[in-house]
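Chain residues, written in single-letter form:
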Amino acid sequence: MRLFIAIKFNNEIRSALLSMQEQLKRTNIRGNYTKPENLHLTLAFIGEYGDPDYVLETLEKVRFKPFELALDGVGSFGRLWWAGLTASVELHNTAAQIRHFLADADIPFDRKKFSPHITLIREPSKPTMPAIEVPAASMTVEEISLMRSERGRNGMIYTETGTIGSV
Ligand code: 2AM
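Cut-offs used in this document
- Each chain has its residues counted from 1, following the order in which its sequence is written.
- Only residues with pLDDT of at least 70 are given local features in this predicted model, and only at 80 or more are side-chain atom pairs given and counted; all residues enter the totals for whole chains, interfaces and linings.
- To get the side-chain values, all heavy atoms of the structure are used, and hydrogens and water are removed first.
- By convention in these notes, a residue is near a molecule or strand provided one of its non-hydrogen atoms lies within 4 Å of it.
- In protein, a polar contact requires one atom able to donate a hydrogen and another able to accept it; more generally it is a pair of N or O atoms within 3.5 Å, and residues adjacent in sequence count only if both atoms are side-chain atoms.
- Working definition of accessibility: Shrake-Rupley area with a 1.4 Å probe, residue cover restricted to the visible protein chains.
- Nonpolar residues are Ala, Val, Leu, Ile, Met, Phe, Trp, Tyr, Cys and Pro. Charged residues are Asp, Glu, Lys and Arg, and all others, Gly as well, are polar.
- Residue exposure (1.4 Å probe, protein chains only): buried if accessible area is under 20% of the type maximum, exposed if over 50%, otherwise partly exposed.
- Paired rings are identified among Phe, Tyr and Trp, the last through its six-membered ring, by centres lying within 6.5 Å, and are further divided according to the angle between planes into stacked (under 30 degrees), edge-to-face (over 60) and tilted (the rest).
- To qualify as a helix, a DSSP run of H or I must reach at least 4 residues; to qualify as a strand, a run of E must reach at least 2; elements of each kind are numbered from the N terminus.
- Lysine NZ or arginine CZ positioned within 6 Å of the ring centre and within 35 degrees of the ring normal marks a charge as sitting over the ring.
- DSSP calls a pair of strands paired once it identifies at least 2 bridges connecting them.
- Fitted lines through C-alpha atoms give the axes, limited to the stretch in contact for helices. The angle between two N-to-C directions lies from 0 to 180 degrees.
- Two residues qualify as a contact provided that any one of their heavy atoms is within 4.5 Å of a heavy atom in the partner residue.

> Explain the site of the ligand here, please?
Residues in close proximity to the ligand include R2, F4, H40, T42, F45, L80, D110, H117, T119, R122 and Y158, which together make up its full environment. Residue T42 places a side-chain N or O atom 2.6 Å away from an oxygen atom belonging to the ligand. Taking 470 Å² as the accessible area of the ligand by itself, protein coverage stands at 73%. When its residues are assigned to classes, the shell around the ligand shows four nonpolar, four polar and three charged.

> Would you explain unusual backbone geometry in this entry?
For residues besides glycine, phi is generally negative; the peptide bonds are generally trans as well. Phi at N28 takes a positive value of approximately 65°, unusual for a residue other than glycine. Among the residues examined, N28 registers a relative accessible area of 55% and is labelled exposed.

> I would appreciate a short explanation of the packing of aromatic side chains in the present structure.
Aromatic ring pairs are reported here in terms of the distance separating the ring centres and the angle at which the planes meet. Counted according to the given criterion, the structure contains three aromatic pairs. Between F4 and Y158 the ring centres are 5.1 Å apart and the planes differ by 80°, which places this aromatic pair in the edge-to-face class. Of this pair, F4 sits in strand 1 (residues 2-7) while Y158 sits in strand 9 (residues 155-165), and the two are 154 residues apart along the sequence. Positioned above the aromatic ring of Y33, the side-chain terminus of K25 is 4.7 Å from the ring centre.

> Honestly, the sheet that holds strand 9 in this entry has me stumped. Any pointers?
On the basis of which strands lie adjacent, the open sheet formed by four strands has the order 3-1-8-9 and antiparallel pairing. Only two strands of the sheet have a single partner each, and these edge strands are strand 3 (41-48) and strand 9. Between one strand and the next, the sheet's axes are offset by a mean angle of 25°, whatever the strand orientation. Pairing between strand 8 (residues 143-152) and strand 9: 10 bridges, direction antiparallel. Each residue of the ladder has a partner; that of I144, found in strand 9, is I164. Across the face of the sheet, helix 2 (residues 52-59) comes into contact with strand 1, strand 3, strand 8 and strand 9 while running at roughly 45° to strand 9. Contacting strand 1, strand 3 and strand 8, helix 3 (residues 89-104) crosses the sheet at an angle of about 15° to strand 3.

Laid out in structure tokens, this is it:
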């Protein structure tokens, strides 16, 4: 099964992201919009791996205090447009711990540098993003989720298969 580790959002951040997608839609941009229930922030992408229990057991070693996440700005990686977050030492520290413990446990994961982003749309029908307003939105992160990803009939289906909590 395909696994990744992510932060799920509160309603405030989710609504702000939906408003950003709506603004893109209003400027007639078509493409593969991330479905509301699929919006998340990935901390580590594991990919195909058969033992979610072992991953959760490994994640239990991570220690993080509740920390703030706030939306800030937008950007693109080629034909993927994303919403960004304010710089956060705690976020980076938590992602670094996760990656450290995964490596220590010999669980494979994508080693690309962590660049926090929330994918709003893939394959947009225009080459450059129009200016959109980023609504103020924030949350306190108290939980991190192990997610499973499957290809459904109508796109990807992400299911939470376990969580770890803050200390
Ligand atoms: P993306 O939104 O930038 O594609 C599920 O696929 C989640 O894992 C997405 O948030 C995706 O980020 C992220 N991810 C990170 N590395 C990935 C990889 N190598 N392959 C697929 N998804 C990856």
